[in-house]
Protein chains: 2
Amino acid sequence: MAVTLKDVAERAGVSRSAVSRTFTEGASVSKKMREKVLKAARELDYSPSLIARSLATSRTKLIGLVANNYQNPVFVEVFDLYTRALQERGLRPLIVNLTDESDPQAFVRMLHQYNVDGVIIASSTLPQGYLTAFKDARVPVVHTFGRASPNPDFHIVGIDNIACGEMVAQALFDHGYRDVAFLGGPKTSTSTQDRLAGFERRSAKIGLRSSVIRYAEGYTYNAGRRAMKSLLDEFEVEAVFCGDDLICMGAMDAARDRGIAIPEELGFVGFNDMSMASWSAYRLTTIRQPFKDIILTSIELIDRLVENPAYPSEVKLLPCELIERNTLRSTSV
Amino acid sequence: MAVTLKDVAERAGVSRSAVSRTFTEGASVSKKMREKVLKAARELDYSPSLIARSLATSRTKLIGLVANNYQNPVFVEVFDLYTRALQERGLRPLIVNLTDESDPQAFVRMLHQYNVDGVIIASSTLPQGYLTAFKDARVPVVHTFGRASPNPDFHIVGIDNIACGEMVAQALFDHGYRDVAFLGGPKTSTSTQDRLAGFERRSAKIGLRSSVIRYAEGYTYNAGRRAMKSLLDEFEVEAVFCGDDLICMGAMDAARDRGIAIPEELGFVGFNDMSMASWSAYRLTTIRQPFKDIILTSIELIDRLVENPAYPSEVKLLPCELIERNTLRSTSV
DNA sequence: GGATTTTTTGCAACCGGTTGCAAATCGGCT
DNA sequence: AGCCGATTTGCAACCGGTTGCAAAAAATCC
């Protein structure tokens, strides 16, 4: 059925190795031989089987891409970047969609069975089990959007959530706010914890009251909306720092539904700068994550790691940026 | 390094075939043998290499998933469904992210090289070149969200866009509108063409004026916004049928920015019922596509097609539903 | 208990490539 | 022309599984 190495070799009247060599990078073939082979290959419309090659070389060019945040539209942007960047490098993503019920071991085994060259984890809310499972399987792993730790077991690429929290506290203060709330994602999410930590630390330092703290049950619009409703029932604040744009939009709509004017009566700061943040229904002031840089860096890292599995663990934190739009009142105190 | 069939065979003191058989569905192994093998396998933490198996069986359990609409947040929902449904069946998606510049042939070759069992195309705006390229490569293909044709060359799973267009025309008429506009996606998109065709046909029949027609340059918020602005500059209508929710939201915001009240002064109908459509900033009346059914059907179809490549081409169109929210004035004429 | 049928097992070839090694070829030099 | 070292080429083993076939073992029957 399919045309193989052997067919080309026969047609060109050369050995199988000769054909193999013309199709593998940096092998020793004379110019004449290469041309003879390529001609035969062209005539037969041959292209080498990556499966067979993988078996022989134990390299697959497959990269496992593990994620569990398919609910958040920002993920579509992230996903787009990953898949494009990988395929530009000749790598293929093998997707794992983690659901709450799925068993870590099973997925690790599966990726192992496909003999992926490496794994990129794209999630800040990943059960620890996964990470250690990969470690046990000796698969190179890069954890993107993960929490930084001084002595990491894995390569981590992400942002400094603590610094971001501080940046927001400072910005709110600079805009004249003195009494603000934090509305995070799930309490168990490390990124939420870190953002809050930074937020509180800077607040304490500069004299910003930030004792009202709420957690949404998920990084979703509805969770944000619900959490904001209950926050409004109990407290009165001047501004809210939300741990995610989606949560923030839900919160803004909850406030507007009560007739609260934004930013005149209540200010908001989001997180991520997803494309919707610039929509004129929201015009959200928010923290922009350098998604593109994070993703490119992680792919570079996994590439290097595949070459040299012993490469020592690195933590790369990339800088974020405050994008000012219309959800904070203007700077005059 | 990795533990192989042979290791297990030696440890269990049996032949390699015996080990292979205990790990392949429906092979002939006695209970005693199976247990002996499984015990050895467990002790060595063995799991069969899918790469090697693929080489031997020429089945990979890989399904190419080809898409080019990574800009639209609705795609994240679609993607979630695809990846989950595939992995529940023991299949793995191999993602192809088509950009405008990418060469059809190259991707077809690539999927061929990975020896994918089948390909699912998830796009309504795909250059014809891709489809024929796959056909030439004799890879089973299911085209989802594609245009129905009486004598299709491929399996198609999607919706009846013409019927949807008719449904919207009727709904607008029933709500008392008499003078409406169509604001579609790109003019080259077959789904846009079909929706318009149905819309115009029914309009003509029931006496709904629908001669104002505009196309957004893409299925994006900004494209919708721009198109709506220019529409408002030139025409006055009572309601707008948008070819996509995202376009619709852009259009609504363009209208609101001019102080137009929705639905009192201007009605809107969207398409897709993406999760944002229910946000209280929009509360969009829209057509819901049965994404889940479409996707499950397409996977079933590709499964069957892999078993039997000669399976005759089918077109499956699934019914849509009008979801009424708050962007049309109430029914009283 | 022996003949016959059915099930289980092992052998060996194969899937489509890669690669270490030794033989063959080439080019340059005296 | 003859010799030497560098390149190029082919042989054959290997990557880790599957599977048709025939022999061996077990189950069935009389």
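This structure is a prediction, so every number in the text was calculated from the model and none was measured.

Structural notes on the environment of A:Leu111
Residue and element names in this part refer to chain A.
Okay, so step 1: Within the element layout of this structure, Leu111 appears in helix H6 (residues 104-113).
Okay, so step 2: The exposure class assigned to Leu111 is buried, which follows from its relative accessible area of 1%.
Okay, so step 3: Those residues in contact with Leu111 that lie beyond four places of it in its chain are Gly64, Val66, Leu94, Val96, Val116, Val119 and Phe134.

With respect to the protein's contact with DNA strand D
Okay, so step 1: Around DNA strand D sit 26 residues in total, of which A:Arg21, B:Leu5, B:Arg16, B:Ser20 and B:Arg53 are the nearest.
Okay, so step 2: Within 4 Å of the protein, the contacting atoms of DNA strand D are 55% sugar and phosphate, with bases supplying the remainder.
Okay, so step 3: With respect to DNA strand D, the side chain of A:Ser30 contributes an N or O atom lying 2.8 Å from a phosphate oxygen.
Okay, so step 4: Side-chain polar atom of B:Tyr46 to a sugar or linking oxygen of DNA strand D: 3.1 Å apart, as the coordinates give it.
Okay, so step 5: Sort the elements by how many residues they give to the surface near DNA strand D and helix H4 (residues 50-57) of chain B lands first, with five residues.
Okay, so step 6: Split into classes, the residues belonging to the surface near DNA strand D amount to 12 nonpolar, 10 polar and four charged.

Concerning the environment of A:Phe145
Okay, so step 1: Residue placement: A:Phe145 occurs in the loop between strand S4 (141-144) and strand S5 (155-159).
Okay, so step 2: It is 21 Å that separates the C-alpha atoms of A:Phe145 and A:Val116, two residues lying 29 residues apart in sequence.

Here we look at the protein's contact with DNA strand C
Okay, so step 1: In the vicinity of DNA strand C there are 25 residues, among which A:Leu5, A:Arg16, A:Ser20, A:Arg53 and B:Arg21 approach most closely.
Okay, so step 2: Within 4 Å of the protein, the atoms of DNA strand C are drawn from sugar and phosphate moieties in a proportion of 55%.
Okay, so step 3: With respect to DNA strand C, the side chain of B:Ser15 contributes an N or O atom lying 2.9 Å from a phosphate oxygen.
Okay, so step 4: Contact between DNA strand C and B:Ser30: a phosphate oxygen at 2.8 Å from a side-chain N or O atom of the residue.
Okay, so step 5: At the level of secondary structure, the elements contributing two or more residues to the surface near DNA strand C comprise helix H2 (16-22) and helix H4 (50-57) of chain A together with helix H2 (16-22) and H4 of chain B.
Okay, so step 6: No other element matches H4(A), which puts five residues into the surface near DNA strand C.
Okay, so step 7: Split by residue class, the surface near DNA strand C holds 11 nonpolar, 10 polar and four charged.

Topic: the relation of the copies chain B and chain A
Okay, so step 1: When chain B is fitted to chain A, the best match, at an RMSD of 0.1 Å, comes from turning it 180 degrees and sliding it 0.1 Å along the axis. With respect to symmetry, the two chain copies, as superposed, fit the operation of a two-fold axis.
Okay, so step 2: Most of the interface of chain B is mirrored in chain A: 100% of its interface residues are interface residues there too.

Remarks on the nonpolar core
Okay, so step 1: Residues A:Leu172, A:Phe268, B:Leu172 and B:Phe268 are the most contacted members of the largest nonpolar core, which totals 158 residues.
Okay, so step 2: Apart from the residues lying within four places of it in its own chain, the contact partners of A:Leu172 are A:Tyr177, A:Val180, A:Phe199, A:Leu208, A:Ala239, A:Val269 and A:Leu328.
Okay, so step 3: If you look at the next biggest cluster of nonpolar residues, it comprises 44 residues, including A:Leu98, A:Val108, A:Met110 and B:Leu94.

Looking at the domain arrangement of chain A
Residues and elements named next belong to chain A.
Okay, so step 1: Parsing chain A into structural domains produces domain 1 (5-57), domain 2 (62-159 + 291-319) and domain 3 (161-288).
Okay, so step 2: For domain 2 and domain 3, the distance between their C-alpha centroids amounts to 28 Å.
Okay, so step 3: Listed as interface residues are nine residues of domain 2 and, on the opposing side, 16 residues of domain 3.
Okay, so step 4: Roughly 1100 Å² of surface becomes buried between domain 2 and domain 3 when both sides are summed, with 51% attributable to carbon and sulfur atoms.
Okay, so step 5: Contact with domain 3 buries surface across domain 2, with Asn72, Arg147 and Ile159 losing the most and accounting together for 47% of the total.
Okay, so step 6: Connecting domain 2 to domain 3 are one salt bridge.
Okay, so step 7: The tally of links between domain 2 and domain 3 comes to six residue pairs in polar contact (both at pLDDT 80 or more).
Okay, so step 8: The class makeup of the residues in the side of domain 2 that touches domain 3 is four nonpolar, three polar and two charged.

Cut-offs used in this document
- Positions within a chain are numbered from 1, following the residues in the order the chain's sequence is written.
- Chains and ligands are labelled by the order in which they are written, letters from A for the one and numbers from 1 for the other.
- For a predicted model such as this one, the threshold for reporting local features is a pLDDT of at least 70, and the threshold for listing and counting side-chain atom pairs is 80 or more; totals across whole chains, interfaces and linings nevertheless cover every residue.
- Heavy atoms from the whole structure form the basis of all side-chain values; hydrogens and water molecules are not counted.
- Numbering goes from the N terminus for both helices and strands, where a helix is a DSSP run of H or I of at least four residues and a strand is a run of E of at least two.
- The classification of residues rests on relative accessible area computed with a 1.4 Å probe and restricted to protein chains. Under 20% of the type maximum is buried, over 50% is exposed, and intermediate values are partly exposed.
- It only takes one pair of heavy atoms within 4.5 Å for two residues to be counted as in contact.
- We call a residue near a given molecule or strand whenever any one of its heavy atoms falls within 4 Å of it.
- Under this definition, polar contacts are N or O atom pairs within 3.5 Å; protein pairs additionally need one hydrogen-donor-capable and one acceptor-capable atom, and for neighbouring residues in sequence, both atoms have to be side-chain atoms.
- Ten residues, namely Ala, Val, Leu, Ile, Met, Phe, Trp, Tyr, Cys and Pro, are considered nonpolar, four, namely Asp, Glu, Lys and Arg, are considered charged, and the remaining ones, Gly among them, are considered polar.
- Least squares is used to superpose the copies, and the fit set is the C-alpha atoms of residues whose pLDDT is at least 70 in both copies.
- As used here, the term nonpolar core means buried Ala, Val, Leu, Ile, Met, Phe, Trp, Tyr and Cys residues forming a set that is joined through side-chain atoms within 4.5 Å.
- Boundary definitions for the domains trace back to an automatic or database domain assignment.
- Summed over both partners, the accessible surface that disappears when two parts come together, traced with a 1.4 Å probe, is what is meant by buried area.
- A pair is scored as a salt bridge if a Lys or Arg side-chain nitrogen falls within 4 Å of a carboxyl oxygen belonging to Asp or Glu.

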